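Observations on the three-dimensional arrangement
Spelled out, the chains give:
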Amino acid sequence: MMQIPEKSPASARPTLLVANRGEIAVRIIRTARSEGYRTVAIYSEPDRDALHARMADTAVAIGGCSPQESYLDIGKILDAAQRAGANAVHPGYGFLSENADFARACAESGLLFVGPPAQAIEAMANKRRAKALVADAGVPCIPGFAAGDAVADDNDLVRAAEEIGYPLMIKAADGGGGRGMRLVESAEELQAHLRSARSEARSAFGSDEVILEKALVNARHVEVQVFADNHGNIVHLGERDCSVQRRHQKIVEESPSPAVDTDLRQRMGSAAIAAAGACDYRGAGTVEFLLDESGNFYFLEMNTRLQVEHPVTEMVTGLDLVAWQLSVARGEPLPVTQDEIQLCGHAIEVRLYAEDPDRDFLPQTGEVLHWRTPAGDGIRCDHAVINGGLVSPYYDPMLGKLITAGRDREQARLRMLDALARLELIGPKHNGYFLNRLVADPLFAAGQATTAFLGNEGRYLVEAPESARATPRHAAIAVVLMHQGLLDPADLRRHRADWRSGDHSTPLVYRLQQENNSFECQLLPLRARHYRVHCEGLTFEMALMRSAEKQVLLAVDGVEETVVFHHRASELVTLVGGRQLAWRDCTHAPARTMEGPASGTLKAPMDGTVVELCVEQGQPVRKGDSVAVVEAMKMEHALRADCDGVIAELAARPGEQVRGGQLLVRIEPEAMLSSAEQSTAAS
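I will try to describe carefully the structure that is included in this document. Remember, it's a predicted structure, so these values are computed and weren't measured experimentally.

**Some thoughts on the overall build of the protein chain**
For the protein chain, the helix and strand inventory stands at 17 helices and 41 strands. Against the 2.2 N^0.38 benchmark of 26 Å for 683 residues, the protein chain shows a C-alpha radius of gyration of 28 Å, consistent with a compact globule. Referenced to the eigenvectors of the C-alpha coordinate spread, the extents of the protein chain come out at roughly 90 × 70 × 60 Å. Here the protein chain holds 683 residues, and the buried ones make up 52% of them. Restricting to contacts in the protein chain with at least 6 residues of sequence separation, those with at least 24 account for 62%. A gap of 5 Å separates the mean positions of the 71 positive and 93 negative side-chain charges of the protein chain.

Have a look at this one:
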């Protein structure tokens, strides 16, 4: 049982509890230790073996699985701090990082809160109040509608929308991170988007208050990093461009912005400092703006915490922002003045998510079978991934961040392409291949991507391209690796692995399944570790040059390439060109009856909670109609009818926890109904 330490004297080594998990907890622990702190991690039940819990000097179990049962439970965190003898708490980002009650509770418990004062958090927590506050300080704001101290009902919002004009944005007043945010193109869409935004906001933030803002088309999302101390000093550390977004969530960030020159940087920096001064800010904060095509910028919100994308600022300034946070919390003045802050070179960050780009970026869970990060000049990877670890359904699907820096933007971009090509992750599907294509896109390369990029010019990136699908060449590689895995190790050592009695010219037939694609391959051993493979009318000469655990150097038609793989029984996963392909050996398996693409059977895409059932039993539906809404990994996912028909069964209830693959709704397809009616009439 853990002993409760006695109160330490002021000269003793300080102890910092990190009230978070994942990559940000690991990143904070690393700097805190270098600053001389003793570190304490907290962990939930799914995070029992997580990297942040292993890294800290002390780890305290707080139980539970969901965020509400663990990392959002203020009482449990304060109890863990007391049990571990902590005298300071760092909230990281997300969870309780922008919760004024948590900051206040830490202070009341005698704990130093490494963040802004509770009053500053409250001042910026609600978008409606924050906009009024910074507008009084002279910061430009986007035209829109907020209801003052009264909460607007939908009728108020409909009337306001007509005055603002379309397109417009609905935003959760108490939220961020893209949740509770919707783009409305026309009046016909408004009511449906209001219901969806309010529901998501209520689930994520405990409030369904929303505001309306005029949508700026082809704008850039540019944010400014600010820092304030307890001695009246406020500085900015330049800007970050976060324009490349999907569903209003950032995917790529960079510093400096390709669209910001020295004069604009000075003006935006001054506005950000004014916003921080308006709420008597302390510590690290980020003031977010929209920048239009004419160079006008407008306040969006202020994040009263360390941002996910803070590493790009660190890479171009050479400063450790977590070390600055700890210093300000100790009461020390900022170490440099505004004139001493210089931006050198360029940095780009991409967010690696456990999600399937081929299925509308659906979050993924599962075991990490293989993980290795790239290394080299200007490459950094912030993560908490470990081999054998599990990606659970309870938390955000972000696995980590890959950051590259260079003397200029192009060198940083090319280093990112190299780093993504050498990143090795086999396990849950992820967006690594999508990120590679995005960073290689000509418009992104030219520095011209706006917030509309993935919905317009870059739309092809979010659609499964033909080049991304498995090819006969991929299948030939998989067959050779699968064949090698079936050979007896003793025969391999004695060079008898491919010996067969009888006719050596008869090939071995393999039938492989890769998602919905089937490949029949004929493999002919030529000599030790050399094969000829016929697949889909093509022939490949294959040679295994070198092999190690989960990695081989393979020559395909004389061209050598490294293939990372994981083989288990009849399952094989290959990582080729940064793309993860899962294969199943069906050679001796009986034929399976597969549900068609329009089966009428709607199942939970992953573990989650049923938020809403949009239909009733017996109700007619058309293909594409919303049938149910499931919340998983902090996002709502609408399930739509895959055929015309009638609701035959509702197999789940709103509020019910469901497992991935569990039946939610069954639709009797119209074609089957017509057949039944014809049969009845005939009889």
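Now that the structure has been shown, we can carry on.
**So, the side chain of S199**
Within the element layout of this structure, S199 appears in helix α8 (residues 187-205). Assessed through its relative accessible area of 16%, S199 is described here as buried. Leaving out residues up to four positions away in the same chain, S199 has contacts with V611 and E636.

**A few points about the sheet that holds strand β7 (residues 168-172)**
Taken in spatial order, the four strands of this open sheet run β6-β9-β7-β8, and their pairing is antiparallel. The open sheet terminates on both sides in strands that have one partner only, identified here as β6 (144-145) and β8 (182-184). Taken together, the five bridges between β7 and strand β9 (residues 210-214) define a ladder with antiparallel strand orientation. If you follow I170 over to β9, its bridge partner there is L212. Most of the contacts of α8 go to β8, to which it runs at about 170 degrees, and overall it touches β7, β8 and β9.

**A closer look at the pattern of salt bridges**
Taken as a whole and assessed by the stated rule, the structure comprises 49 salt bridges. Notably, a salt bridge pairs R202 with D208, separated by 3.0 Å at the nearest N-O pair. What makes D208 partly exposed here is its relative accessible area of 26%. Connected through salt bridges with shared partners, the residues E223, R240, K250, E253, E288, E309 and R351 form a single ionic network.

**A short note on unusual backbone geometry**
A cis amide bond links Y166 with the next residue in sequence, P167, at an omega value of 0 degrees. Positionally, P167 belongs in the loop between α7 (154-164) and β7. With an omega dihedral of -5 degrees, the bond running from S255 to P256 counts as a cis peptide bond. The backbone of A569 shows a phi angle near 55 degrees, a positive value even though the residue is not glycine. On the basis of relative accessibility, which here comes to 67%, the residue A569 falls in the exposed class.

**Structural notes on the sheet that holds strand β28 (residues 530-535)**
Taken in spatial order, the eight strands of this closed barrel run β26-β27-β28-β29-β30-β31-β32-β33, and their pairing is antiparallel. Ignoring which end each strand starts from, the neighbouring axes of this sheet average 35 degrees apart. In this structure, β28 lies alongside strand β29 (residues 538-548), joined through six bridges in antiparallel fashion. Across the sheet, the residue bridging to Y531 is M542, located in β29.

**Focus on the pairing of β28**
Alternating positions in β28 separate cleanly, Y531, V533 and C535 being buried on one face and H530, R532 and H534 remaining unburied on the opposite face. In terms of strand pairing, strand β27 (residues 517-527) meets β28 through six bridges, oriented antiparallel. Looking at the pairing, C521 lines up with C535 of β28. Hairpin remark: β27 followed by β28, antiparallel, with two residues in the connecting loop; positive phi at R529, about 65 degrees. Counting the residues in the hairpin turn of β28 and β29 gives two residues, including E536, whose phi is positive at 55 degrees.

**Some remarks on helix α6 (residues 127-136)**
Those residues of α6 not exposed but buried are K127, R128, A130, K131 and V134. Each buried residue of α6 sits inside an arc of 165 degrees when the element is viewed along its axis, so together they form one side. Tucked inside the fold, the buried residues of α6 contact α5 (118-125), β7, β9, α9 (262-278) and β16 (297-303). Between a side-chain oxygen at the N-terminus of α6 and the backbone nitrogen of R128 the separation is 2.9 Å; the capping residue is N126. Positive backbone phi, at 90 degrees, marks G138, one or two positions downstream of α6.

Basis of the calculations
Residues numbered from 1 in each chain as written. Predicted model: local features only at pLDDT ≥ 70, side-chain atom pairs only at ≥ 80, totals over all residues. Heavy atoms only, no water. Helix = DSSP H or I, 4+ residues; strand = E, 2+ residues; numbered from the N terminus. Rg over C-alpha atoms; globule rule 2.2 N^0.38 Å. Buried < 20%, exposed > 50% of the residue type's maximum accessible area, 1.4 Å probe, protein only. Contact = heavy atoms within 4.5 Å. Lys, Arg positive; Asp, Glu negative; His and termini not counted. Charge placed at Lys NZ, Arg CZ, Asp CG, Glu CD. Pairing = 2+ DSSP bridges. Axes fitted to C-alpha atoms, helices over the stretch in contact; angles between N-to-C directions. Salt bridge = Lys/Arg side-chain N within 4 Å of Asp/Glu carboxyl O. Arc of directions from axis to C-beta. Polar contact = N/O pair within 3.5 Å; in protein donor to acceptor, adjacent residues only side chain to side chain.

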